[in-house]
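# Topology and contacts: notes
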Amino acid sequence: MDTKIIKIDEENIDEALISQAGKIIKNGGLVAFPTETVYGLGGDALNRESSKKIYAAKGRPSDNPLIVHIADIRDMDAIVLKVTENALKLAERFWPGPLTMILKKSDWVPLETTGGLDSVAIRMPVHKTAAAFIKAAGGYVAAPSANISGKPSPTSAKYVIQDMDGRIDMIIDGGDSGIGLESTIVDLTGDIPVLLRPGYITVEQLREVLGNVDVDKTILDGDCKERPKAPGMKYRHYAPKGELTIVEGQALAVVEKINELTHEAERKNKKVCVIATDENADSYEAGVIKSIGSRNDEDIIAHRLYTILRECDDENIDVIYSESFDSAGIGQAIMNRLLKAAGHHMIHI
Ligand code: AMP
Ligand code: MG
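The notes below deal with the structure included here. Since this is a predicted model, take the numbers as computed values, not measurements.

Rules used in this analysis
- Residues numbered from 1 in each chain as written.
- Chains lettered and ligands numbered in written order.
- Predicted model: local features only at pLDDT ≥ 70, side-chain atom pairs only at ≥ 80, totals over all residues.
- Heavy atoms only, no water.
- Helix = DSSP H or I, 4+ residues; strand = E, 2+ residues; numbered from the N terminus.
- Rg over C-alpha atoms; globule rule 2.2 N^0.38 Å.
- Buried < 20%, exposed > 50% of the residue type's maximum accessible area, 1.4 Å probe, protein only.
- Contact = heavy atoms within 4.5 Å.
- Polar contact = N/O pair within 3.5 Å; in protein donor to acceptor, adjacent residues only side chain to side chain.
- Pairing = 2+ DSSP bridges.
- Axes fitted to C-alpha atoms, helices over the stretch in contact; angles between N-to-C directions.
- Core = buried A, V, L, I, M, F, W, Y, C linked by side-chain atoms within 4.5 Å.

Helix and strand counts for the chain stand at ten helices and 16 strands. Over its C-alpha atoms the chain spans a radius of gyration of 20 Å, differing by no more than 12% from the 20 Å that the globule rule assigns to 349 residues. With respect to the principal axes defined by its C-alpha atoms, the chain has extents near 60 × 50 × 35 Å. A burial count over the chain gives 57% of its 349 residues as buried. If you take every contact in the chain between residues at least 6 apart in sequence, the share linking residues at least 24 apart comes to 68%.

Here it is in structure tokens:
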């Protein structure tokens, strides 16, 4: 398949191009598009054949449901059984933005889109190109992240092209994703809301609006034997090709340990990378040092994480050692993705 690649400037949207992209979706095709979190791989959420094509293009297991993206809060009504009070409160506070809510679905949404579940995940992105595209596509765009299943989510068009060129109809290049981590997911189908995937909107922020919010136990605990409630969270995910290990402890001890490990790996002729904070970057002695940002700036760390993991693939890195980050606030999302990328392989010192 010939994949058309177009560029759209969020501040000066080319309506003719957006309408072309929208038509592709209405005709059952697939278009990758930028959002504020990561790039999405979009198809018509109400067309079961489109959803099947998304799974095929990504190589994604079909029990892993897709998020339905909308551009108008009122469009939520048609795809859920009931817009609950909690959903309204969250929408008012965080939409448009990086929050996905799970509600009981209406018959309009095919089971192919929801991975066979009777609930549907819904998000309204704030990215202007994403919103214009969703409108042009008819209002309901099912979209997982636009990567081959298992790889880190793409945060720039370069990596969407690397994974999806030849597999889908169009890629909209809208520059770098601002946030760089997938949306926060909250399940509103039970009595108590449950955080299923941490993201830029933190659990503390959700609690400010809803009061009590539970956290799915599997989010940070690698030893947890329970099944994650978001089916997608059970898969090895976000992973670079190289073997990633997180080293946790006091700063000086971490630097010392990583230096020992990188020297050892280089002696075995392995290509090594260190994911370092700005504060420590100069202290590493061996391997490719990739600075992820200041320890005090979680926004930058979130923004850089997937790019760094993808760069490790580009550079054929065999072994990666990463510092650990605080797991409060957005740090919870950062550590959740890093732990998954590492297959929960962590050294405590
Ligand atoms: P992605 O689109 O790649 O960001 O992945 C979407 C995530 O949302 C996956 O982890 C899914 O398992 C999760 N998800 C989507 N719909 C539902 C749902 N109805 N119930 C629980 N989790 C969901
Ligand atoms: Mg994904």
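There's plenty left to go through after this.
On to the side chain of serine 145. In this structure, serine 145 sits in the loop between β7 (141-142) and α6 (157-164). Looking at serine 145, the relative accessible area reads 14%, which means it is buried. A polar contact of 2.6 Å, which involves the side chain of serine 145, links it to the side chain of asparagine 147. Leaving out residues up to four positions away in the same chain, serine 145 has contacts with Val38, Tyr39, Gly40, Leu41, Lys58, Ser153 and Pro154.

Moving on, we get to the sheet that holds strand β3 (residues 40-44). Judged by pairing direction, the sheet is mixed, and its eleven strands sit side by side in the order β1-β8-β2-β3-β7-β4-β6-β5-β9-β10-β11 without closing on themselves. Every interior strand has two partners, whereas the edge strands, β1 (4-7) and β11 (214-215), have only one. Pairing of β1 with strand β8 (residues 170-173), which is carried by four bridges, proceeds in the parallel orientation. By the bridge assignment for β8, isoleucine 5 is matched with isoleucine 171. On the sheet, helix α1 (residues 15-26) packs against β1, β2 (31-33), β3 and β8 and is oriented at approximately 145 degrees with respect to β8. Packing of helix α2 (residues 48-58) onto the sheet brings it into contact with β3 and β7, and relative to β3 it is tilted by some 155 degrees.

Let us look at the nonpolar core. In terms of nonpolar packing, the biggest core is built from 44 residues, with Ile70, Leu90, Trp95, Leu99, Met101, Ile122 and Leu206 touching the most fellow members. Among the elements of the structure, α2, α3 (76-79), α4 (85-94), β5 (99-104), β6 (119-123), α6 and α7 (203-210) are those that each provide at least two residues to this core. Setting aside chain neighbours within four positions, we find leucine 90 in contact with Trp95, Leu99, Met101, Val186, Leu188, Leu206, Val209 and Leu210.

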